[in-house]
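Below are the chains, spelled out letter by letter.
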Amino acid sequence: MTKPRPPVEYAEYLKLDRLLSCQSPKSAEYGPPAHDELLFVIVHQAYELWFKQILHELDSVLALFRADSVDERSIGVALARLARVTEIQKLLVDQLRVLETMTPLDFLDFRDLLLPASGFQSLQFRLIENKLGLRPEQRAPIEKSMGGAALTAEAREALRASEREPSLFAVVERWLERTPFLETPGFQFWASYARAVDAMLARDREAIASNSTLGDADKRLQLAELDRTAASFSAVLDEGAHARLVAAGQRRLSWRATQAALFIHLYRDQPILHLPFRFLTTLVDVDELLATWRYRHALMVHRMIGTKIGTGGSSGHHYLLGTVERNKVFKDLYDLSTFLISRSSLPALPPEMERRLGFHYPRD
Ligand code: HEM
């Protein structure tokens, strides 16, 4: 017998009495209420609610990828959840427009009452960054000490734990490193890719050298460009060169994981690789939308407070602009495009390999 269930009420289920009594503008405590402060509070609260949902999705994706083996179904689920994160992020970028209906002068009616509070101290925002895989050493010094004193001991511990736990970057890297198919008895992906790159560069060199419409100076220029392209390919083809870039902080993804990611991108038309390809692309979407939000927020801050310092003590607009590039997490996945070669230059897969990468259904 099922347990009797009392009727559920809208307001009770959503705890609306509590939710709607959580807006306490400061201006009313010290003088005439500033009309726009309610908007300021509600917009920030709406952000924090969406941050909570993003963390919920990220935690579930992390749990799926922490397993020793990740099956196709899990990739589909992870992809759907990350796609949801990207839709929320688009909303977060757009939501700044609502706040921008407040003018800088209206903001000044209550800004000083907020000191030293700042979005800098948003625990959930930092957790999102850490769970994605932002490394402490990537952060600017002021960011590392960010509102440390303003956070509770519990919040500081949650932050430290999120730095210790494997991030999305780390679990995806491990998953990529386990990718099968890179070396099978009839197919060595890396060796055949290296040969295809050599052949492509030789063709390009020949095309420049034999181009009768180019003068000697132009040829020299174009050949020097081609040398630079060849050098960037060597940096991924050669394990030692890759390791040196990792040591210099210019690459992060391991060599093996880079090979697997490239394999997935190049052969993504093969049915089995399609979902992993979309998953990797969605990771870049998440990273790019976060960078978009950072840039958009920095522009709004410039408009709102000019070049004043922030309430959290940073240089404000200037500091925020710096985080757009510095705080990207999946840079290596963006950079993969450097190493793509056209479908026509791609080594053909042996038939046995094609069969393994396809889906096969028995006939009735
Ligand atoms: C009038 C509107 C706003 C102004 C003038 C403003 C200003 C600033 C400034 C100057 C900073 C740099 C840290 C500091 O020195 O305080 C900052 C950081 C931050 N703000 Fe805002 N902000 C506004 C609205 C928002 C909103 C609506 C959110 C949504 C949650 C938000 C979230 C953040 C976050 C997460 C950071 C830390 C970014 C990082 O360190 O990468 N801000 N804000």
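Right above here is the structure, for reference.
In what follows, the accompanying structure is described. (Residues numbered from 1 in each chain as written. Predicted model: local features only at pLDDT ≥ 70, side-chain atom pairs only at ≥ 80, totals over all residues. Heavy atoms only, no water.)

### A closer look at the packing of aromatic side chains
Part 1 of the argument: Tallying each qualifying case throughout the model produces 21 aromatic pairs.
Part 2 of the argument: Aromatic side chains Phe107 and Phe110 sit 5.4 Å apart centroid to centroid with 75° between the ring planes, which places their arrangement in the edge-to-face category. Comparing Phe107 with Phe110, the two get one shared label, buried.
Part 3 of the argument: Site record: aromatic cluster; members linked through ring pairs are Phe187, Phe189, Trp190, Tyr193, Trp255, Phe263 and Tyr267.
Part 4 of the argument: In this structure, Arg268 packs its charged tip against the face of Phe277, placed 4.6 Å from the ring centre.
Part 5 of the argument: Sitting over the face of the ring of Tyr334, Lys328 holds its NZ or CZ atom 4.7 Å from the ring centroid. (Phe/Tyr/Trp six-rings, centres within 6.5 Å; stacked < 30°, edge-to-face > 60°. Buried < 20%, exposed > 50% of the residue type's maximum accessible area, 1.4 Å probe, protein only. Lys NZ or Arg CZ within 6 Å of the ring centre and 35° of its normal.)

### Some words on empty space enclosed by the protein
Part 1 of the argument: Applying the stated rule across the entire model yields four cavities of 30 Å³ or more.
Part 2 of the argument: Of the voids in this model, the largest cavity is the one considered here, and its volume is about 130 Å³.
Part 3 of the argument: Forming the boundary of the largest cavity are 14 residues, of which Phe51, Ile54, Gln89, Leu92 and Leu290 lie nearest the centre.
Part 4 of the argument: Elements with a minimum of two residues in the lining of the largest cavity: helix H4 (37–65), helix H5 (72–99), helix H7 (123–132) and helix H15 (271–305).
Part 5 of the argument: Taken together, the residues of the lining of the largest cavity break down into 13 nonpolar, one polar and no charged.
Part 6 of the argument: Lining the second largest cavity are Arg251, Leu253, Thr258, Asp332, Asp335, Leu336 and Phe339.
Part 7 of the argument: Of the residues in the lining of the second largest cavity, the class split is three nonpolar, one polar and three charged. (1 Å grid on protein atoms, 1.4 Å probe; cavity = no way out; pocket = protein on both sides within 12 Å on 5 of 7 lines; lining within 4 Å. Points joined across faces, edges and corners; volume = space filled by probe spheres on them. Helix = DSSP H or I, 4+ residues; strand = E, 2+ residues; numbered from the N terminus. Nonpolar A, V, L, I, M, F, W, Y, C, P; charged D, E, K, R; others polar.)

### Observations regarding the site of the ligand
Part 1 of the argument: In the region of the ligand, 28 residues are neighbours, and Ser118, His297, Gly312, Ser314 and Tyr319 sit closest.
Part 2 of the argument: In this structure, His297 approaches the ligand through a side-chain N or O atom, which is 2.9 Å from a nitrogen atom.
Part 3 of the argument: Gly312 has a polar backbone atom sitting 2.8 Å from an oxygen atom of the ligand.
Part 4 of the argument: Put simply, the parts of the chain that give the shell around the ligand at least two residues each are H4, H7, H15 and helix H16 (317–326).
Part 5 of the argument: If you tally residues by element for the shell around the ligand, the top one is H15, at seven residues.
Part 6 of the argument: Of the residues assigned to the shell around the ligand, the class counts are 15 nonpolar, 11 polar and two charged. (Near = heavy atom within 4 Å. Polar contact = N/O pair within 3.5 Å; in protein donor to acceptor, adjacent residues only side chain to side chain.)

### Some words on the coordination of the iron atom of the ligand
Part 1 of the argument: Among protein residues, the single donor to the iron atom of the ligand is His297 (NE2), with a metal-donor distance of 2.2 Å.
Part 2 of the argument: Secondary-structure assignment places His297 in helix H15. (Donors = N, O, S within 2.8 Å, 3.2 Å for Na, K, Ca; no water.)

### What to know about the layout of surface pockets
Part 1 of the argument: Here the largest pocket defines a volume of roughly 1,300 Å³.
Part 2 of the argument: Along the walls of the largest pocket sit 47 residues, with Phe40, His44, Ser118, Gly119 and Phe120 positioned nearest its centre.
Part 3 of the argument: Elements that contribute at least two residues to the lining of the largest pocket include exactly H4, H5, H7, H15 and H16.
Part 4 of the argument: Tallied by class, residues from the lining of the largest pocket come to 24 nonpolar, 15 polar and eight charged.

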